[in-house]
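As a plain string of letters, each chain reads:
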Amino acid sequence: MNPPVRYAADVEQPEPDEAETIEALKEQFGKILEITSKAYGHAVRSVHAKGHGLVRGVFRIADDLPPELAQGLFAAPGCHDAILRFSTNAGDILDDAIRLPRGVALKVIGVEGERLPGHEGDRTQDFVMVNGPVFAAATPKKFLGNLKLLAATTEKAEGAKKLLSSVLRAFEAGLEAVGTRSTTLTALGGAKPVHPLGATYFSQTAFRYGDHIAKFQLVPVHGVTDLTDETIDARGHPDAIREAMNEALRERRGVWELRAQLCTDLEAMPVEDPTVLWDEELSPFRTVATLTIEPQTAWDGENSVHIEDTLSFSPWHALAAHRPLGGINRVRKDAYAFSSGYRARFNGCPIHEPAAIEDVAV
């Protein structure tokens, strides 16, 4: 295996008109937010709007990591409180019978170290992941095209979305049968309805990893692994995922591993194109921390909604040592900030980064 690539600023190659793309993304986020806030009388996230679980966890950095992995947050062993939000990817609150990819946002609390600009007073490190290894768009412009498609479907009748979901899932199942899959079909409603606690999640995009570059993966390893192949039948149960999350976590303890995959070849493992799968034969995912969730209520009705209103998750809530890399991450920065700012203003509820778990009233 080749040694890990050293991080340098020139691993990124911004497009010349990226600023215009960012403004267009904010416009599309604004369209989604205006439609949904008018419909609900309450502002929700412009993507991953529906939360299914909001839970506390304990994040333990592994002992005796080798030098290439003992970087940034992972430079020394330690234990941190964490908060996780499980979700699906649409920008509106949909019946769970509409089959969408699962997402998880992990916020590690009490993190010390040099911050990215604009987050100097924060003490958190976020990891934003979904249950697929590659992103659906290769470039910021293609991401904008996908977002326009999602924005155009936001105000469509839910019954039509259910029908579309069943049709797309049939197409996706056919692709899977021949050993391939479509990230576009999956994102639009053709996803397999897996249990969120049994899924494996991926950062999809690249990040600085101290002296190196990496992608991340979150994998269940104990207590919930029996849910890996379980699917959720949501017919007649619009909030079936929340019900399944509560049932699973009521009495069981789950353990996940956070793993890092170091870039060892910039051509085979590009930073700017997140649709390219990084080959695990070139560089395997290696465990850098564990996450433990004790039995608890995953979704507590209005209390969970209130907590969601006070929190935002972004790959840019980060240490400088884990700077998000690549075009998709660069355009996410202002677009995500725009979305969280809209929510805060509309709901009259300030959003803040917690300094301690006590600041999150789960």
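Located above this text is the structure these notes cover.
The shown structure was predicted, so the numbers you read here are calculated from the model rather than taken from an experiment. (Residues numbered from 1 in each chain as written. Predicted model: local features only at pLDDT ≥ 70, side-chain atom pairs only at ≥ 80, totals over all residues. Heavy atoms only, no water.)

**Thoughts on the overall build of the protein chain**
Part 1 of the reasoning: Along the backbone of the protein chain there are 7 helices and 9 strands.
Part 2 of the reasoning: Per-residue burial over the protein chain gives 54% buried out of 362 residues.
Part 3 of the reasoning: The long-range share in the protein chain, meaning contacts at least 24 apart out of those at least 6 apart in sequence, stands at 78%.
Part 4 of the reasoning: Summed over all atoms, the accessible surface of the protein chain reaches about 15200 Å², with 52% contributed by carbon and sulfur. (Helix = DSSP H or I, 4+ residues; strand = E, 2+ residues; numbered from the N terminus. Buried < 20%, exposed > 50% of the residue type's maximum accessible area, 1.4 Å probe, protein only. Contact = heavy atoms within 4.5 Å. Areas by Shrake-Rupley, 256 points an atom, 1.4 Å probe, with all protein chains shown as cover.)

**Structural notes on the packing of aromatic side chains**
Part 1 of the reasoning: This model, assessed by the stated rule, comprises 11 aromatic pairs.
Part 2 of the reasoning: A ring pair is formed by F29 and Y336, whose centres lie 6.5 Å apart and whose planes are at 70°; its orientation type is edge-to-face. Note that F29 is positioned in helix 1 (residues 18–40) and Y336 in helix 7 (residues 327–347), a separation of 307 residues in sequence. With respect to class, F29 is no different from Y336; both count as buried.
Part 3 of the reasoning: Ring plane angle 10° and centroid distance 5.6 Å describe the contact between F74 and Y209, whose orientation is recorded as stacked. Here the residue F74 occupies a position in the loop between strand 1 (51–61) and strand 2 (78–88), and Y209 occupies one in strand 6 (residues 207–209), the gap between them amounting to 135 residues.
Part 4 of the reasoning: What links up through ring pairs into an aromatic cluster is the set F59, F74, F127, F207, Y209 and F216.
Part 5 of the reasoning: Positioned above the aromatic ring of F313, the side-chain terminus of K107 is 4.7 Å from the ring centre. (Phe/Tyr/Trp six-rings, centres within 6.5 Å; stacked < 30°, edge-to-face > 60°. Lys NZ or Arg CZ within 6 Å of the ring centre and 35° of its normal.)

**Comments concerning the environment of T231**
Part 1 of the reasoning: Summarising the element assignment, T231 is placed in the loop between strand 7 (212–222) and helix 5 (240–249).
Part 2 of the reasoning: The class of T231 is partly exposed, set by a relative accessible area of 41%.
Part 3 of the reasoning: Separated by 37 residues in sequence, T231 and V194 place their C-alpha atoms 4.3 Å apart.
Part 4 of the reasoning: Look past the residues within four positions of T231 in its chain and what remains in contact with it is K192, P193 and V194.

**Some remarks on the packing of helix 1 against helix 7**
Part 1 of the reasoning: At their nearest, the axes of helix 1 and helix 7 sit 9 Å apart, and the two run at 35° to each other. Where helix 1 crosses over helix 7, the two elements pack in a sense that is right-handed. Each of E18, I22, L25, K26, F29, G30, L33, E34 and S37 in helix 1 lies in contact with helix 7, whose residues at this interface are G327, R330, V331, D334, A335, Y336, F338, S339, Y342 and F346.
Part 2 of the reasoning: The residue inventory of the contact of helix 1 with helix 7, partitioned by class, reads 10 nonpolar, 4 polar and 5 charged. (Axes fitted to C-alpha atoms, helices over the stretch in contact; angles between N-to-C directions. Left-handed = near helix turned anticlockwise from the far one by under 90°. Nonpolar A, V, L, I, M, F, W, Y, C, P; charged D, E, K, R; others polar.)

**Here we look at the pattern of salt bridges**
Part 1 of the reasoning: The tally for this structure, following the rule as stated, stands at 17 salt bridges.
Part 2 of the reasoning: Two residues, E18 and R330, come together in a salt bridge whose shortest N-O distance is 2.7 Å. Of this pair, E18 sits in helix 1 while R330 is found in helix 7, placing the two residues 312 residues apart along the sequence. There is no split in this pair, since E18 and R330 are both buried.
Part 3 of the reasoning: When the shortest N-O distance is used, the salt bridge between R253 and E294 registers 3.0 Å. Taken as a pair, R253 in the loop between helix 5 and strand 8 (254–262) and E294 in the loop between strand 9 (286–293) and helix 6 (301–310) lie far apart in primary sequence, 41 residues in all. (Salt bridge = Lys/Arg side-chain N within 4 Å of Asp/Glu carboxyl O.)

**Observations concerning the pairing of strand 3 (residues 102–109)**
Part 1 of the reasoning: Of all the 8 residues making up strand 3, 8 are buried; the element is thus mostly covered by neighbouring parts of the structure.
Part 2 of the reasoning: On strand 3, burial covers both faces: R102, V104, L106 and V108 on one face and G103, A105, K107 and I109 on the other are all buried.
Part 3 of the reasoning: Sheet topology note: the strand 2/strand 3 ladder contains 7 bridges and is antiparallel. Across the sheet, the residue bridging to L84 is L106, located in strand 3.
Part 4 of the reasoning: Examined bridge by bridge, strand 3 and strand 4 (residues 124–130) share 7 bridges and lie antiparallel to one another. By the bridge assignment for strand 4, G103 is matched with V130. (Pairing = 2+ DSSP bridges.)

**A closer look at the side chain of R330**
Part 1 of the reasoning: Judged by its relative accessible area of 13%, R330 falls in the buried class.
Part 2 of the reasoning: A polar side-chain atom of R330 sits 2.8 Å from a polar atom in the side chain of E12.
Part 3 of the reasoning: Excluding residues that lie within four positions of it along the chain, R330 makes contacts with E12, Q13, P14, E15, E18, I22, E272 and W316. (Polar contact = N/O pair within 3.5 Å; in protein donor to acceptor, adjacent residues only side chain to side chain.)

**A closer look at the nonpolar core**
Part 1 of the reasoning: Formed by 45 residues in total, the largest nonpolar core has its most connected members in F59, F74, F127, L197, Y209 and L258.
Part 2 of the reasoning: Counting residues per element, this core draws most heavily on helix 5, at 6 residues.
Part 3 of the reasoning: Those residues in contact with F127, other than ones at most four positions away along the chain, are L73, F74, V104, A105, L106, V108, F216 and L258.
Part 4 of the reasoning: Of all hydrophobic cores here, the second largest spans 15 residues; its members include A24, L25, L144 and A151. (Core = buried A, V, L, I, M, F, W, Y, C linked by side-chain atoms within 4.5 Å.)

**Quick look at the environment of Q204**
Part 1 of the reasoning: Along the chain, Q204 falls in the loop between strand 5 (201–202) and strand 6.
Part 2 of the reasoning: When the C-alpha positions of Q204 and T275 are compared, they lie 8.0 Å apart, and in sequence the two are 71 residues distant.
Part 3 of the reasoning: Discounting residues that sit within four places of it in the chain, Q204 has contacts with V130, G132, P133, V134, F135, K215 and P274.
Part 4 of the reasoning: One polar contact links the side chain of Q204 to the main-chain carbonyl oxygen of V134, over a distance of 2.8 Å.

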